[in-house]
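# An overview of the molecular structure
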Amino acid sequence: MALNMDIYLHNTLTGEKEKFTPITDGHVSMYNCGPTVYNYAHIGNLRSYVFADTLRRMFEWNNFTVKQVINITDVGHLVSDNDDGEDKIEKGAQREGKTAQEISEFYTQAFFTDLDQLNIAKENISFPRATNYIDEQIAMISELERDGYTYNTHDGVYFDTTKYPQYGLLGHINLAGLEEGARIGVNNEKKHLTDFALWKFSRGEKREQEWNSPWGVGFPGWHIECSAMSRKLLGKTFDIHTGGIDHIPVHHNNEIAQSVCANHAPFVHYWMHNAWLTVGEDKMSKSSDNFIRLETLAEHGINPLAYRYLLLTARYSSPLQFSWEALEGAQTAWKRLRTFVNSTTTESTPTKNTHYINEFTAYINDDLDTPKAIALVWEIMKDSSLEEYEKKEILLQFDRVFGLQLDHMETFDIPENIHKLVTERDTARKEKDFAKSDTLRIEIEQAGFEVTDTPEGTKITKK
Ligand code: AMP
Ligand code: ZN
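Residues numbered from 1 in each chain as written. Chains lettered and ligands numbered in written order. Predicted model: local features only at pLDDT ≥ 70, side-chain atom pairs only at ≥ 80, totals over all residues. Heavy atoms only, no water.

### Notes on the domain arrangement of the protein
Quick note on the threshold: In this document the domain limits rely on a domain assignment from an automatic tool or a database.
Domain boundaries in the protein define domain 1 (8–278), domain 2 (300–402) and domain 3 (416–462). Inter-centroid distance (C-alpha atoms) of domain 1 to domain 3 is 52 Å.

### Quick notes on the sheet that holds strand E9 (residues 218–220)
Note the threshold: When DSSP locates at least two bridges between a pair of strands, those strands are taken to pair. Every helix listed is a DSSP run of H or I at least four residues long, and every strand listed is a run of E at least two residues long, numbered separately from the N terminus. Note on geometry: axes are lines fitted to C-alpha atoms, helical ones only across the stretch in contact, with angles between N-to-C directions running from 0 to 180 degrees.
Read from one edge to the other, the open sheet built from 4 strands follows the order E6-E7-E8-E9, with strand pairing classed as antiparallel. Taken across any chain shown, the strands that pair with only one partner, and hence form the sheet edges, are strand E6 (150–153) and E9. Here the strands of the sheet are splayed against their neighbours by 25° on average, with no regard to which way each runs. Examined bridge by bridge, strand E7 (residues 156–159) and strand E8 (residues 196–201) share 4 bridges and lie antiparallel to one another.

### Points about the sheet that holds strand E13 (residues 282–283)
Read across the open sheet, the 3 strands follow the order E13-E12-E14; overall the sheet is mixed. Every other strand in the sheet has two partners, leaving E13 and strand E14 (320–321) as the edge strands with one partner each.

### Some thoughts on the site of ligand 1
We count it as follows: One heavy atom within 4 Å of a molecule or strand makes the whole residue count as near it. Pairs of N or O atoms are called polar contacts if they sit within 3.5 Å, as long as, within protein, a hydrogen donor faces a hydrogen acceptor (for residues adjacent in sequence, only side-chain-to-side-chain pairs). What sets the accessible areas is the Shrake-Rupley method with a 1.4 Å probe; for residues, cover comes only from the shown protein chains.
As a structural note, the neighbourhood of ligand 1 is formed by 19 residues, with Gly44, Asp246, Leu277, Met284 and Lys286 the closest of them. Between ligand 1 and Asn45, the relevant distance is 3.1 Å, taken from an oxygen atom to a side-chain nitrogen or oxygen of the residue. Between ligand 1 and Met284 there is a distance of 2.8 Å, counted from a nitrogen atom to a backbone nitrogen or oxygen. Taking 490 Å² as the accessible area of ligand 1 by itself, protein coverage stands at 95%. Within the residue set of the shell around ligand 1, elements represented by two or more residues are helix H1 (43–61) and strand E10 (238–244). The element best represented in the shell around ligand 1 is H1, accounting for 4 residues.

The following block contains the structure:
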């Protein structure tokens, strides 16, 4: 396989596409901002994790080992960006009449199920929960306080963003414009609009989730968890940090400020951000009624992997408009590939074709140009100079990066009685009872399945 090809990534920090140079040869350390577990993830949120997973697979294709962390926010993410309002987890608990822990555990498991369905391998990833790293967060805030980066107000400990002159560099935030556009009613004790809470006090109201700290009983601000947990799990400086584009102006600039000031070291070399999944003009969001879950797709007969295919047809950094037509188109294309792979016989001699492998590598190494890689698949399918088995082999290679499980058949929605017919048919064929095998084929087809004969036996897919 053609390797040792350079990798280029678009870095939000510089606004440029840059050649990737790892901190440690052959190794990538990556942190992906994870879910706040007070509700189900919608398929827009899931775009972030498919993007991170594709990035990981691209590095593995290039023979890197990858250490990946996705945090689980189970405390401290407030409803408002101005460090006031309720905590999303506590609010979710009140809404559902459950404890905060029950809420976060339930939605964490729901998130894991979504990842499974999208073929994102959880066992390769660390999922630290913010509540398990309270000591690390307190330690980091103490370091910032010791070095003079913080001040206290009646409701919390704040980071003074003017103490970090590079504040707002990520995405080139127009700080003057922000101050001008500031609304009345924000926390008046905050010295500057961009200052943010590191620790919030419980202030008399009894919270379910609260901890003792040098500054009084309370809970961490949302941003500090990512700085504290990434330092603990990946070190002070690591290679890649990702998230949705909404995190650029506030969350990620805050992470940079805290980490650089506490660690006295560079934080992240490459910042990468995925664009929105939109419904019409609007971002799909948890708070509006355009919220679609992976489970909703299944109710419409759409396989989660067809959604994964749809995501690959757009660059991670371009907005993608959701529509049922687009999803159905994606499902048809994905099923065609799957059926092709499953009905084509494998030969023991590997294909000599390296040309397509090289082209594929060039596309995915070019800031994950998955739309070109997908277009290449269809070019290969039409290439009459290739044997079918060669096409299959190439497709299965590509699938290490696509993650579309092209060599699996849809067994999950095949009923037990159909499985029985398939087994009976395989026995009939082995015994050369072709009349019986044909009758069984018709019976299976009439139940709504397509039958393909392969050297390994009968394979079926849903029509
Ligand atoms: P949350 O659970 O709200 O913290 O969001 C989890 C991740 O999903 C974050 O990285 C967000 O930036 C991302 N995200 C939220 N909405 C969308 C969307 N409509 N399209 C793509 N990514 C999104
Ligand atoms: Zn984060």
